[in-house]
Amino acid sequence: MVDSVSGRVDETCPATGVVMHGGNLHEAARRYDIPHAQWLDLSTGINPHGYPVPPIPADAWRRLPDDGDDFAACAARYYGAPDAAHVLSLAGSQAAIRALPALLPRARVGIAPLTYSEYAPAFERSGHEVMPLDVACETLPDALTHVVVVNPNNPTAAHLSAATLLHWHAQLSARGGTLLVDEAFADTMPSASLAASTHREGLLVLRSPGKFFGLAGARSGFALGAPALLQRLRGTLGAWTVSGPARHAVKAAFADEAWQRHMRIRLDAESARLVDVLHAQGFDTRSTPLFAWTDDPRAAALHEALARRGVWTRLFTSSGSVRFGLPANEAEWTRFEESLHEAAREIAATRAG
């Protein structure tokens, strides 16, 4: 649904008002009467080749998480933040998305019309006014005090340079505002991150090991920013935000530089393959190394045709666009290519008739 005032896209379930996300495979199984185990799930941008977590020590289960450990320092080294004082661990970046708006002065907030759908409702619940953000602009409108940018954007894969974002931050900072940059998909392009600049007041960067490392189930994330703002956020979120087993898994992933280098190369190659497969059926796309997206006029029909074949993709209903994650192995690639070919042929026949 598109809000007639702000122009933003609202991807919510009409029946419940809950924000919709990928990964809702049980819903798909009920809707299309296909058993859960028979689906090929391409509805998320999570790396299907998840990090091989080493065995978890027994103490990680028995002891309360200790914020005095080196978890924040490990994250600072991996992300390139100034130091551990500029890092706050989270129970997934979702925790910060929900809590942060209440900590900022109520004002007008610029958010792209099609982006991660949790941001606009979170700011509106805290009394902010959400306005559509034109990501192609060089100078931000004077009316905006805060801006939220997902970079690279989910789902459109659009990417803004660090120079552009720092220019925006300077404009907002002069107004007493805040730039919030969500870098959930930035691990595949670490040189573009603003993590090293998070000593600046009014700049907050959110990171998540869930996407690149395939550790979404760990529910771990990080806020990178000036210590004063992080302390306020910590006071809202409380203690023990990340479990001991999750800390163990994420620290191991952060330390494994060889795995990271190999995975970036692999994901680049598989993303190119995904784009080629979609292009072969006539669908133009934009992509990151973890997903591809199309706003082709046939996209909604393609989502439906694939779903009837047990292939689940992420449909953005108001924009009629679709996001595709990566298959996990050759059997899944074969199934996807065959299903895509059949679906495209069905759509063509329907339009011709």
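Definitions and cut-offs
- Residues numbered from 1 in each chain as written.
- Predicted model: local features only at pLDDT ≥ 70, side-chain atom pairs only at ≥ 80, totals over all residues.
- Heavy atoms only, no water.
- Helix = DSSP H or I, 4+ residues; strand = E, 2+ residues; numbered from the N terminus.
- Rg over C-alpha atoms; globule rule 2.2 N^0.38 Å.
- Buried < 20%, exposed > 50% of the residue type's maximum accessible area, 1.4 Å probe, protein only.
- Contact = heavy atoms within 4.5 Å.
- Areas by Shrake-Rupley, 256 points an atom, 1.4 Å probe, with all protein chains shown as cover.
- Pairing = 2+ DSSP bridges.
- Axes fitted to C-alpha atoms, helices over the stretch in contact; angles between N-to-C directions.
- Core = buried A, V, L, I, M, F, W, Y, C linked by side-chain atoms within 4.5 Å.
- Parallel < 35°, antiparallel > 145°, perpendicular 65-115°, else oblique.
- Left-handed = near helix turned anticlockwise from the far one by under 90°.
- Nonpolar A, V, L, I, M, F, W, Y, C, P; charged D, E, K, R; others polar.
- Expected span 1.5 Å × (residues − 1).
- Polar contact = N/O pair within 3.5 Å; in protein donor to acceptor, adjacent residues only side chain to side chain.

**Q** Outline the overall build of the protein chain, listing residues and values.
**A** Scanning the protein chain from N- to C-terminus turns up eleven helices and 13 strands. The C-alpha radius of gyration of the protein chain comes to 20 Å, within 12% of the 20 Å expected for a compact globule of 353 residues. Seen through its principal axes, the protein chain has C-alpha atoms that stretch 65 × 50 × 35 Å. Among the 353 residues that make up the protein chain, the fraction classed as buried is 52%. The long-range share in the protein chain, meaning contacts at least 24 apart out of those at least 6 apart in sequence, stands at 70%. A total accessible area of about 15300 Å² is found for the protein chain, and carbon and sulfur atoms account for 53% of it.

**Q** So, the environment of Gln 231: which residues are in play, and what are the values?
**A** As for its position among the elements, Gln 231 is in helix α7 (residues 227-237). Along the chain, Gln 231 and His 86 lie 145 residues apart, while their C-alpha atoms are 9.8 Å from each other.

**Q** So what's going on with the sheet that holds strand β5 (residues 146-150)? Which residues, and what values?
**A** One open sheet accounts for seven strands, arranged β2-β8-β7-β6-β5-β3-β4; its pairing is mixed. Looking at which strands have only one partner, the edges of the open sheet turn out to be β2 (87-90) and β4 (129-132). Taken over all neighbouring pairs, the strand axes of this sheet differ in orientation by 20 degrees on average, direction set aside. By the bridge criterion, four bridges tie strand β6 (residues 178-182) to strand β7 (residues 203-207) in an arrangement that is parallel.

**Q** Provide a residue-level description of the nonpolar core, including the pertinent values.
**A** Counting 65 residues, the largest nonpolar core has Val 147, Trp 168, Phe 213, Phe 222, Phe 254 and Phe 336 as its most contacted members. Core analysis: the second largest hydrophobic core is formed by 25 residues, Leu 88, Leu 104, Ala 120 and Leu 206 among them.

**Q** Just give me the short version of the packing of helix α9 (residues 257-280) against helix α11 (residues 330-352), but keep the residues and values in it.
**A** At a minimum axis separation of 10 Å, α9 and α11 run at an interaxial angle of 20 degrees. Between α9 and α11, the crossing angle belongs to the class labelled roughly parallel. For the crossing formed where α9 meets α11, the hand is right-handed. The segment α9 lies against α11, with Glu 270, Arg 273, Leu 274, Val 277 and Leu 278 engaging Glu 330, Trp 333, Phe 336, Glu 337 and Leu 340. Considering only residue class, the contact of α9 with α11 consists of six nonpolar, no polar and four charged.

**Q** Residues and numbers for helix α8 (residues 244-255), please.
**A** Compared with an ideal rise of 1.5 Å per residue, which puts twelve residues at 16 Å, α8 spans 17 Å between its outermost C-alpha atoms and is within 8% of the ideal. When you tally the buried positions in α8, you get nine out of twelve residues, the bulk of the element. Of the surrounding elements, those touching the buried residues of α8 are α2 (58-62), α3 (71-79), β2, β8 (221-225) and α9. Where α8 begins, one side-chain oxygen reaches toward the backbone nitrogen of Ala 246, 3.2 Å away; that side chain belongs to Ser 243.

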